[in-house]
Amino acid sequence: MATPLKPAELRAWQAFLNAQATLMRRLEADLVANEGMTLAEFDVLVQLRLAPEQRLQMNELSDHVRLSPSGITRLVDRLVEAGLVERGPCSTDRRVTWAILTPAGRARVRRASPLHLRGVRDHFARRLSASQLDVLTDALESVATGAHPDDPVSSKT
């Protein structure tokens, strides 16, 4: 049987889940209301905008936006239909399909970015002090990399 979480562990976990869910709902609501796009659609466009040649293989895009292969396929289908993304074959591997940002997709992400960045600032960054941002960043980077706080290699010097 698994050992129950200590009260501090449970409180931290619940706070993380609640904060993440609240922030995502607010950012999504802003984008839907003002740009008519979901946060996942915006994320795909941003990932493609940042990628070399503004293209990613579908499996890479799936990893970047943390969606299943079938989920990314359906999402890219909608973006293709909207003219924001196009699919392209890979000249060296027939199994690979590229998701490619179109000029309309570039314009759309450029237009939506100020709203999204304002939302991140208003709903997240401005609610934390500079020291809280530093501590939170260090903590979440440790979780993401699997580092342990007592590991001298992962500690800041």
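Scroll up for the structure.
Residues numbered from 1 in each chain as written. Predicted model: local features only at pLDDT ≥ 70, side-chain atom pairs only at ≥ 80, totals over all residues. Heavy atoms only, no water.

A. Expanded view of the overall build of the chain. From N to C terminus, the chain includes 6 helices and 3 strands. In sequence order, the chain lays out its α and β elements as α-α-β-α-α-β-β-α-α. The C-alpha atoms of the chain give a radius of gyration of 19 Å, which is well past the 15 Å a tight globule of 157 residues would have. Referenced to the eigenvectors of the C-alpha coordinate spread, the extents of the chain come out at roughly 50 × 40 × 40 Å. In the chain, which comprises 157 residues, the share counted as buried stands at 27%. Within the chain, residue pairs in contact and separated by at least 24 positions form 48% of the contacts whose partners lie at least 6 positions apart. Of the side-chain charges in the chain, 21 are positive and 19 negative, and the distance between the mean point of each set is 5 Å. (Helix = DSSP H or I, 4+ residues; strand = E, 2+ residues; numbered from the N terminus. Rg over C-alpha atoms; globule rule 2.2 N^0.38 Å. Buried < 20%, exposed > 50% of the residue type's maximum accessible area, 1.4 Å probe, protein only. Contact = heavy atoms within 4.5 Å. Lys, Arg positive; Asp, Glu negative; His and termini not counted. Charge placed at Lys NZ, Arg CZ, Asp CG, Glu CD.)

B. Structural detail: the packing of aromatic side chains. Taken as a whole and judged by the stated rule, the model has 1 aromatic pair. Here Arg 55 stacks its cationic end above the ring of Trp 98, 5.4 Å away from the centre of that ring. (Phe/Tyr/Trp six-rings, centres within 6.5 Å; stacked < 30°, edge-to-face > 60°. Lys NZ or Arg CZ within 6 Å of the ring centre and 35° of its normal.)

C. Examining the pattern of salt bridges more closely. Here the structure, examined in full by the defined rule, presents 7 salt bridges. The partner of Arg 108 in a salt bridge is Glu 35, and the shortest N-O contact between them spans 4.0 Å. Note that Arg 108 is positioned in helix H5 (residues 103-123) and Glu 35 in helix H1 (residues 7-35), a separation of 73 residues in sequence. Glu 35 carries the same exposure label as Arg 108, and that label is buried. Its salt-bridge partner being Arg 78, residue Glu 41 comes within 3.5 Å of it at the nearest N-O pair. Of the two residues, Glu 41 sits in helix H2 (residues 39-50) while Arg 78 sits in helix H4 (residues 69-81), which places them 37 residues apart along the sequence. With relative accessibility at 13%, the residue Glu 41 sits in the buried group. (Salt bridge = Lys/Arg side-chain N within 4 Å of Asp/Glu carboxyl O.)

D. Molecular detail of the nonpolar core. In terms of nonpolar packing, the biggest core is built from 25 residues, with Val 44, Leu 45, Leu 48, Leu 61, Ile 72 and Val 85 touching the most fellow members. Those elements giving two or more residues to this core turn out to be H1, H2, helix H3 (58-65), H4, strand S3 (97-101) and H5. Counting residues per element, this core draws most heavily on H2, which supplies 5 residues. Here Leu 45 is in contact with Met 37, Leu 79, Leu 84, Val 85, Leu 101, Gly 105, Arg 108 and Val 109, once residues within four sequence places are set aside. (Core = buried A, V, L, I, M, F, W, Y, C linked by side-chain atoms within 4.5 Å.)

E. Layout of H2. Compared with an ideal rise of 1.5 Å per residue, which puts 12 residues at 16 Å, H2 spans 16 Å between its outermost C-alpha atoms and is within 8% of the ideal. Listed as buried for H2 are Leu 39, Glu 41, Phe 42, Val 44, Leu 45, Gln 47 and Leu 48. (Expected span 1.5 Å × (residues − 1).)

F. Spatial organisation of helix H6 (residues 130-145). With 16 residues, H6 should cover 22 Å at 1.5 Å per step; its first-to-last C-alpha distance of 22 Å lies within 8% of that length. Two residues or fewer after H6 comes Gly 146, characterised by a positive phi angle close to 80 degrees.

G. Quick peek at the side chain of Glu 41. A distance of 3.5 Å separates polar atoms of two side chains, one belonging to Glu 41 and the other to Arg 78. Sequence-distant contacts of Glu 41, that is, excluding residues within four places in its chain, are made with Gly 36, Leu 75, Arg 78 and Leu 79. (Polar contact = N/O pair within 3.5 Å; in protein donor to acceptor, adjacent residues only side chain to side chain.)

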